[in-house]
Amino acid sequence: MAARRVGMFGGAFDPPHRAHRALAETALEQLELDVLHILPTGQAWHKTRALSPAKDRVAMCQLTFGDLPRVVLDEREIHREGPSYTADTLSELQREYPGAELFLVLGADQLLAFKTWVRWQEVLQLATLAVANRATDIGAHASLDQTTETDLSAVDIPFQSLRMPLKNISATDVRARVERSTLDIGALDVLVPEAVARYISQHHLYQPPQ
Ligand code: ATP
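Cut-offs and rules
Residues numbered from 1 in each chain as written. Predicted model: local features only at pLDDT ≥ 70, side-chain atom pairs only at ≥ 80, totals over all residues. Heavy atoms only, no water. Helix = DSSP H or I, 4+ residues; strand = E, 2+ residues; numbered from the N terminus. Buried < 20%, exposed > 50% of the residue type's maximum accessible area, 1.4 Å probe, protein only. Areas by Shrake-Rupley, 256 points an atom, 1.4 Å probe, with all protein chains shown as cover. Phe/Tyr/Trp six-rings, centres within 6.5 Å; stacked < 30°, edge-to-face > 60°. Pairing = 2+ DSSP bridges. Right-handed = clockwise from strand over helix to strand, strands pointing away. Arc of directions from axis to C-beta. Axes fitted to C-alpha atoms, helices over the stretch in contact; angles between N-to-C directions. Salt bridge = Lys/Arg side-chain N within 4 Å of Asp/Glu carboxyl O.

Draft legend 1. View of the overall build of the protein. When its secondary structure is counted, the protein shows nine helices and six strands. A total of 210 residues make up the protein; the buried ones form 50% of that total. As displayed, the protein offers around 10500 Å² of accessible surface, 50% of which is attributable to carbon and sulfur atoms.

Draft legend 2. Main features of the packing of aromatic side chains. A full pass over the atoms with the stated rule returns five aromatic pairs. Both rings, one in Phe-9 and one in Phe-13, keep their centres 5.3 Å apart while their planes meet at 80 degrees; by these two values the pair is edge-to-face. Accessibility classification places Phe-9 together with Phe-13 in one group, the buried group. Note on Phe-114 and Trp-117: the rings are 4.9 Å apart at their centroids and 50 degrees apart in plane angle, and the pair reads as tilted. Take Trp-117: its relative accessible area is 12%, and that puts it in the buried class.

Draft legend 3. Geometry of the pairing of strand β1 (residues 5–11). Counted residue by residue, β1 has five buried out of seven residues, so it is predominantly covered. Note: β1 against strand β4 (residues 101–107), five bridges, orientation parallel. For Val-6, the partnering residue across the bridge sits in β4 and is Leu-102. Across six bridges, the pairing between β1 and strand β2 (residues 35–40) is parallel. Counted as the bridge partner of Val-6 is Val-35 from β2. The β-α-β motif built from β1, the intervening helix α1 (residues 18–30) and the parallel element β2 has right-handed crossover chirality.

Draft legend 4. Representation of unusual backbone geometry within the structure. Between Asp-14 and the following residue, Pro-15, the backbone shows a cis peptide bond with an omega angle of 0 degrees. Turning to its location among the elements, Pro-15 is positioned in the loop between β1 and α1. The phi dihedral of Arg-119 falls on the positive side, at around 55 degrees, and the residue is not glycine. For Arg-119, the position within the fold is in the loop between α5 (108–112) and α6 (120–126).

Draft legend 5. Main features of the pairing of strand β5 (residues 128–132). β5 sits mainly inside the fold: four of its five residues count as buried. The pairing of β4 with β5 spans five bridges and is parallel. Bridge assignment links Phe-103 to a residue of β5, and that residue is Thr-128. In terms of strand pairing, β5 meets strand β6 (residues 160–162) through three bridges, oriented parallel. Residue pairing across strands places Ala-130 opposite Gln-160, the latter belonging to β6.

Draft legend 6. Quick look at helix α9 (residues 194–202). Among the residues of α9, Val-196, Ala-197, Tyr-199 and Ile-200 are the ones counted as buried. Buried residues of α9, viewed axially, fall in a sector of 160 degrees; they line one side. Within two residues after α9, His-204 carries a phi angle of roughly 50 degrees, on the positive side.

Draft legend 7. Seen up close, the sheet that holds β5. The six strands are arranged β3-β2-β1-β4-β5-β6 in an open sheet whose pairing can be described as parallel. Lying at the two open borders of the sheet, with one neighbouring strand each, are β3 (71–73) and β6. Neighbour-to-neighbour, the strand axes of the sheet open up by a mean angle of 25 degrees, direction not taken into account.

Draft legend 8. Inspection of the pattern of salt bridges at higher detail. Enumeration over the complete set of coordinates arrives at 13 salt bridges. The partner of Asp-67 in a salt bridge is Arg-21, and the shortest N-O contact between them spans 2.6 Å. With Asp-67 in the loop between α2 (54–65) and β3 and Arg-21 in helix α1, this residue pair connects regions lying 46 residues apart in the sequence. Linking Lys-55 and Asp-56 is a salt bridge whose minimum nitrogen-to-oxygen distance equals 3.5 Å. One salt-bridge network, held together by shared partners, links Asp-74, Arg-76, Arg-80, Glu-92 and Glu-96.

By themselves, these figures tell us nothing about what the structure is for.
And the structure:
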């Protein structure tokens with residue numbers, strides 16, 4: 001049967017963490033997706049920091065999402081020349097799944113920044129935005145279960161809300177904690193799947209410069 005409901009979930013995934021995994025599971029279930037494409041970004045036009053090598057981010061995505069049903073780990077943005085735009089990826093998916101309804105899965109921080117995206121109007125025409133809320137106080141000192149939601153009341157573009165318990169995790173925080181060595185490998189498991197914690201340790205990712 002042809003896929004009728006197709007999701008796209010993009011990110012730097014540097015590294016993928018437990019909130020990413022929860023968001024993918026939530027989207028699959030609440031949007032009743034036939035397929036969810038997970039897209040690690042290539043050269044993210046909106047991030048200034050150099051990303052970890054694509055092969056490491058892809059491997060960690062495999063460890064994070066690989067066992068979920070109906071998930072495709074999609075490397076097209078990594079292989080695309082030059083900067084990668086969501087509008088291009090959605091157009092390609094529309095061609096690949098003719099007649100399907102497309103959903104773009106994202107967190108609240110990205111919704112607030114949405115109008116800075118290149119060709120955002122085109123994105124809105126191609127897909128329904130499906131948004132999970134995100135804790136406002138993202139940082140090393142915030143509690144993991146912190147409950148202050150991002151205020152989305154002023155957002156004037158249409159979106160669908162995903163219901164997901166707030167998880168106060170960010171990749172920035174994971175990297176910072178590993179770099180400062182404030183977490184041993186066991187403690188890292190709280191933030192990222194165990195297999196990703198092992199991968200970070202074995203491949204010496206996010207270590208302070210020697
Ligand atoms: P960084 O801290 O490096 O900016 P990040 O944790 O925001 O990274 P990304 O890979 O940039 O992770 O995020 C991919 C997508 O996942 C984005 O749409 C982002 O909003 C969403 N996301 C990330 N963390 C959360 C979270 N804790 N709750 C809800 N959505 C999240």
